[in-house]
Amino acid sequence: MRQCDRVDGGCGRGATGLDPTDAGGGDDTIFGGNSDVSPTDGDDIIDGGTGSGEDGDESNDLYKKALKLNPKNPEAHYGLAVIREKLFKDAPGAESELRAALAINPRYSQAHDKLGEVLEKSFGKNGDAKQSYQLAIDTDPKNALARYHLGMLLWQKFHDTKQIGRASCRERVSSPV
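Calculation notes
Residues numbered from 1 in each chain as written. Predicted model: local features only at pLDDT ≥ 70, side-chain atom pairs only at ≥ 80, totals over all residues. Heavy atoms only, no water. Helix = DSSP H or I, 4+ residues; strand = E, 2+ residues; numbered from the N terminus. Buried < 20%, exposed > 50% of the residue type's maximum accessible area, 1.4 Å probe, protein only. Contact = heavy atoms within 4.5 Å. Expected span 1.5 Å × (residues − 1). Polar contact = N/O pair within 3.5 Å; in protein donor to acceptor, adjacent residues only side chain to side chain. Salt bridge = Lys/Arg side-chain N within 4 Å of Asp/Glu carboxyl O. Core = buried A, V, L, I, M, F, W, Y, C linked by side-chain atoms within 4.5 Å. Patch = residues over 30% accessible without salt bridge, like charges linked within 9 Å, V, L, I, M, F, W, Y side chains within 5 Å. Areas by Shrake-Rupley, 256 points an atom, 1.4 Å probe, with all protein chains shown as cover.

(A) Representation of the overall build of the chain within the structure. Looking only at helices and strands, the chain has seven helices and zero strands in total. Listed by position from the N terminus, the elements making up the chain come as α-α-α-α-α-α-α. Counting the 177 residues in the chain, one finds 36% classified as buried. In the chain, of all internal contacts separated by at least 6 residues, the share reaching a separation of at least 24 is 38%.

(B) Layout of helix 3 (residues 74-86). When the terminal C-alpha atoms of helix 3 are compared, their 18 Å separation across 13 residues agrees well with the 18 Å that a helix rising 1.5 Å per residue should span. Looking at helix 3, one finds that the buried residues are Pro74, Ala76, His77, Tyr78, Gly79, Leu80, Ala81, Val82, Ile83, Arg84 and Glu85. Between the side-chain oxygen at the start of helix 3 and the backbone nitrogen of Glu75 there is a gap of 3.0 Å, and the oxygen is on Asn73.

(C) View of the pattern of salt bridges. Tallied over the entire structure, the rule returns five salt bridges. Two residues, Lys114 and Glu117, come together in a salt bridge whose shortest N-O distance is 3.2 Å. Taken together, the residues Lys114 and Glu117, both in helix 5 (residues 109-123) and three residues apart, mark about one turn of the helix. Accessibility expressed as a relative area gives 6% for Lys114, which makes it buried.

(D) Spatial organisation of the environment of Asn143. If you trace the backbone, Asn143 turns up in the loop between helix 6 (126-139) and helix 7 (144-174). Classification of Asn143 by relative accessible area gives buried; the value is 9%. Side-chain polar atoms of Asn143 contact the side chain of Ser109, separated by 2.7 Å.

(E) Local environment of helix 5. Its 15 residues place the ends of helix 5 20 Å apart at the C-alpha level, agreeing with the 21 Å of an ideal helix rising 1.5 Å per residue. Helix 5 sits mainly inside the fold: eleven of its 15 residues count as buried. Burial in helix 5 covers these residues: Ser109, Ala111, His112, Asp113, Lys114, Leu115, Gly116, Glu117, Val118, Leu119 and Glu120. A positive phi of about 70° marks Gly124, the residue just after helix 5.

(F) Just the nonpolar core, in detail. Judged by nonpolar contacts, the single largest core of 20 residues is most densely connected at Tyr78, Leu98, Tyr108 and Ala111. Among residues more than four places away in sequence, those in contact with Ala111 are Tyr78, Leu98, Ala101 and Leu102. Core analysis: the second largest hydrophobic core is formed by six residues, Tyr63, Ala66, Leu80 and Ile83 among them.

(G) Quick look at a nonpolar patch on the surface. A cluster of nonpolar side chains, contributed by Leu145, Tyr148, Met152, Trp155 and Phe158, occupies part of the molecular surface with about 560 Å² of accessible area. Turning to its location among the elements, Met152 is positioned in helix 7. Its relative accessible area of 37% is what places Met152 among the partly exposed residues.

As structure tokens, then:
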């Protein structure tokens with residue numbers, strides 16, 4: 001990557017001074033050329049921004065613009081999924097974007113993890129969520145978040161089973177024979 005020509009280092013990447021329009025060349029670059037979209041646009045919204053509708057709409061538009069530049073960009077699909085799930089409470093839309101990201105890159109560990117989270121929390125599909133978490137771990141064994149989500153899902157299943165077992169024991173003990 002070439003250094004930014006601006007003295008203040010403000011080339012869309014903050015103080016790093018790296019030029020986001022130089023993505024290494026080739027047809028598979030997402031933000032190549034003189035596009036007004038940079039790879040970091042919208043990161044503040046996803047990474048704990050205000051969550052206001054206006055900011056979410058802007059980020060949503062930026063990711064859609066990135067997809068117009070390169071429809072095979074799994075990160076843009078992932079970004080749209082996060083926005084749809086967190087800001088717009090659109091779980092079906094989030095699931096669709098995550099599946100699109102995984103169709104492009106089946107080894108996208110974060111997308112597998114996020115899909116598991118959406119399936120578990122929004123749809124109650126714990127079996128499918130478990131499979132997604134496991135795929136995230138299989139593709140990236142260091143994905144701590146996927147390990148956490150899988151562990152919490154299994155703990156909840158164990159906890160629920162334990163409670164059901166206690167209830168049936170109480171019924172057997174309290175019922176006359």
